[in-house]
Each structure stands twice: as C-alpha cells, then as structure tokens.
Amino acid sequence: MVAFETRIVRTWEPSKWLRILGALLLVGSGITLYVWKPDIRWLMILSGIVYLISFIFALSFSFIKPKNLGIISITEDRIQVNLKEEKREFQISELLELGLDYKGYASFWKHSIYGNKNHLYFTNSSNDILDYEIVIENKEKKEELKQFLEDLSVTHQLKVAHSGLSSF
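What counts, and at which threshold
Numbering of residues starts from 1 in each chain and follows the order in which that chain's sequence is written. Only residues with pLDDT of at least 70 get local features here, since the model is predicted, and only at 80 or more are side-chain atom pairs given and counted; chain-wide, interface and lining totals rely on the full set of residues. The side-chain numbers reported here are obtained from all heavy atoms of the structure, hydrogens and water having been left aside. Note on conventions: DSSP H or I runs of at least 4 residues are helices, E runs of at least 2 residues are strands, and numbering of each starts at the N terminus. We call a residue buried when its accessible area falls under 20% of the maximum for its residue type, exposed when it is over 50%, and partly exposed in between, using a 1.4 Å probe and counting protein chains only. Method for areas: the Shrake-Rupley scheme with a 1.4 Å probe, in which residue coverage is limited to the protein chains shown. In this analysis, two residues are considered to be in contact whenever any of their non-hydrogen atoms come within 4.5 Å of each other. Helices are assigned an expected span. That span is 1.5 Å times one less than the residue count. Strands pair, by our definition, only if DSSP identifies at least two bridges between them. To form a nonpolar core, buried Ala, Val, Leu, Ile, Met, Phe, Trp, Tyr and Cys residues must be joined to one another through side-chain atoms within 4.5 Å. Residues forming no salt bridge and having over 30% relative accessible area are the ones grouped into patches, like charges within 9 Å of each other and nonpolar side chains (Val, Leu, Ile, Met, Phe, Trp, Tyr) within 5 Å. A side-chain nitrogen of Lys or Arg and a carboxyl oxygen of Asp or Glu constitute a salt bridge if their distance falls within 4 Å.

**Q** Hey, could you go over the overall build of the chain for me, with residue numbers and the actual values?
**A** A tally of regular secondary structure across the chain gives three helices and eight strands. In the chain, the succession of α and β elements from N to C terminus is β-α-α-β-β-β-β-β-β-α-β. Within the chain, the fraction of its 168 residues that count as buried is 35%. Carbon and sulfur atoms provide 59% of the accessible area of the chain, an area that totals close to 10,500 Å².

Now the structure itself:
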C-alpha cells in the first residue's frame with residue numbers, strides 16, 4: 001500500500017508588536033551608528049550593542065524549530081491524523097476537497113531551516129475544514145507528495161487544490 005507520511009507542526013509566530021519593536025530598535029540604532037554618529041562614547045557603544053542584538057534577533061527566526069504536534073499519514077483510501085491528544089481518521093471517499101498550500105521545503109532563505117509553512121487542508125462530508133501545518137523536508141518528499149496527490153485526484157475523482165508556489 002502506497003502512503004505519504006509527515007509531521008504536523010506549529011511554527012512560532014512573533015506578535016506584531018514584537019516585530020515592530022525589533023524593527024524600531026534595529027532602524028533606530030542603525031541610524032544612530034551610521035547616520036547621526038554622536039560624539040558621546042557611551043551612546044555609540046549602547047547603539048552598537050542594541051544594533052547587534054536586534055540584528056541577531058531578526059536573523060534567528062529561521063533557526064527556531066517548529067513544535068512537533070503529531071503525524072499525518074495519507075494512504076490511497078484514508079487520512080490518519082495522530083495528534084498527541086487525539087487520533088482521527090478520514091476516508092478519502094468521504095472528502096469533498098483536498099488541498100495543499102505549498103511554500104517550499106527546508107531552506108535558510110525561506111521561512112526556516114526546518115521547513116516552510118506548508119498547509120495540508122481538506123473538507124470532510126460534514127463541511128468541516130481541517131487545516132494542518134506540515135513539514136516537507138526536501139525535494140524528494142516534495143516530489144513524493146506531488147505524485148501522491150496527483151494519483152489521488154485520478155483514482156478517486158477528488159478535487160485536489162494547489163496554492164502557494166507554482167513549482168509544485
């Protein structure tokens with residue numbers, strides 16, 4: 001039996017206020033260091049420290065590992081979701097729609113070195129939309145999932161939607 005299995009994760013998203021504060025600190029200390037250049041030594045040292053800390057903070061988002069919530073497994077006839085609290089199973093024949101919001105696989109230049117924010121979503125027969133953030137580790141996993149979804153759409157006449165990057 002052919003199956004696709006991957007992890008369900010939740011990526012930490014800093015709040016809007018934390019992002020605004022970090023941007024203000026970075027821009028303010030950068031302007032102080034490189035544009036204003038005051039003659040006050042302690043102000044230059046403090047601006048340099050704030051600039052360095054806020055710059056490291058801004059770059060460190062890609063190194064934050066997403067929280068592992070469980071595993072999702074898709075076979076030819078069902079989808080199994082194993083979260084730490086619950087285990088659910090959905091028959092492919094009962095699904096109205098299956099979709100993937102593809103953002104890419106793991107890369108430093110994307111969202112995270114651990115994987116991007118890919119979302120697998122589907123609508124069951126009771127019109128509940130279930131959305132899970134999944135990890136696609138590398139190009140092989142991407143191609144495996146792509147082929148698997150194409151096979152599902154052909155064999156079960158299921159509408160498989162794709163959004164996000166066009167490379168999928």
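**Q** Now, about the environment of Pro-38: what can you tell me, with residues and values included?
**A** Inspection of the secondary structure puts Pro-38 in the loop between α1 (16–36) and α2 (41–59). With relative accessibility at 12%, the residue Pro-38 sits in the buried group. Setting aside residues no more than four positions away along its own chain, Pro-38 makes contact with Thr-32, Leu-43 and Met-44.

**Q** An account of α1 is needed here, citing residue identities and associated values.
**A** For α1, with 21 residues, the first-to-last C-alpha span of 28 Å sits near the 30 Å given by 1.5 Å per residue. Among the residues making up α1, those that are buried are Gly-22, Ser-29, Gly-30, Thr-32 and Leu-33. Once α1 finishes, Lys-37 follows within two positions and takes phi at roughly 50°, a positive value.

**Q** A description of the pairing of strand β2 (residues 67–75) should follow, citing residues and the corresponding values.
**A** Side-chain direction in a regular strand flips from residue to residue, so the side chains alternate between the two faces of the sheet. As paired strands, strand β1 (residues 3–10) and β2 are joined by eight bridges and run antiparallel to one another. Bridged to Arg-10 within β2 is Lys-67. Both β2 and strand β3 (residues 78–83) contribute to a ladder of five bridges, which runs antiparallel. In the strand pairing of β3, Ile-71 is matched with Asn-82.

**Q** Which residues make up the nonpolar core, and what are the values?
**A** Across soluble globular proteins, nonpolar side chains show a tendency to be buried alongside one another. Core analysis: the biggest nonpolar cluster contains 25 residues, and Ile-72, Ile-79, Val-81, Leu-98, Phe-122, Tyr-132 and Ile-134 have the highest contact counts within it. Mapped by element, the contributors of at least two residues to this core are β1, β2, β3, β5 (97–102), β6 (118–123), β7 (129–134) and α3 (139–156). With four residues, the single largest contributor to this core is α3. The residues contacting Ile-72, other than those within four sequence positions of it, are Phe-4, Glu-5, Thr-6, Ile-8, Ile-79, Gln-80, Val-81, Leu-120, Tyr-132 and Ile-134.

**Q** Requested: an account of a nonpolar patch on the surface, with residues and values cited.
**A** A grouping of Trp-12, Leu-18, Leu-21, Leu-25, Phe-57 and Ile-64 is seen on the molecular surface, where their side chains present a nonpolar patch of about 500 Å² in accessible area. Tallying contributions element by element places α1 first for the nonpolar patch, with three residues. If you trace the backbone, Trp-12 turns up in the loop between β1 and α1. Judged by relative accessible area, Trp-12 falls into the partly exposed class, the value being 42%.

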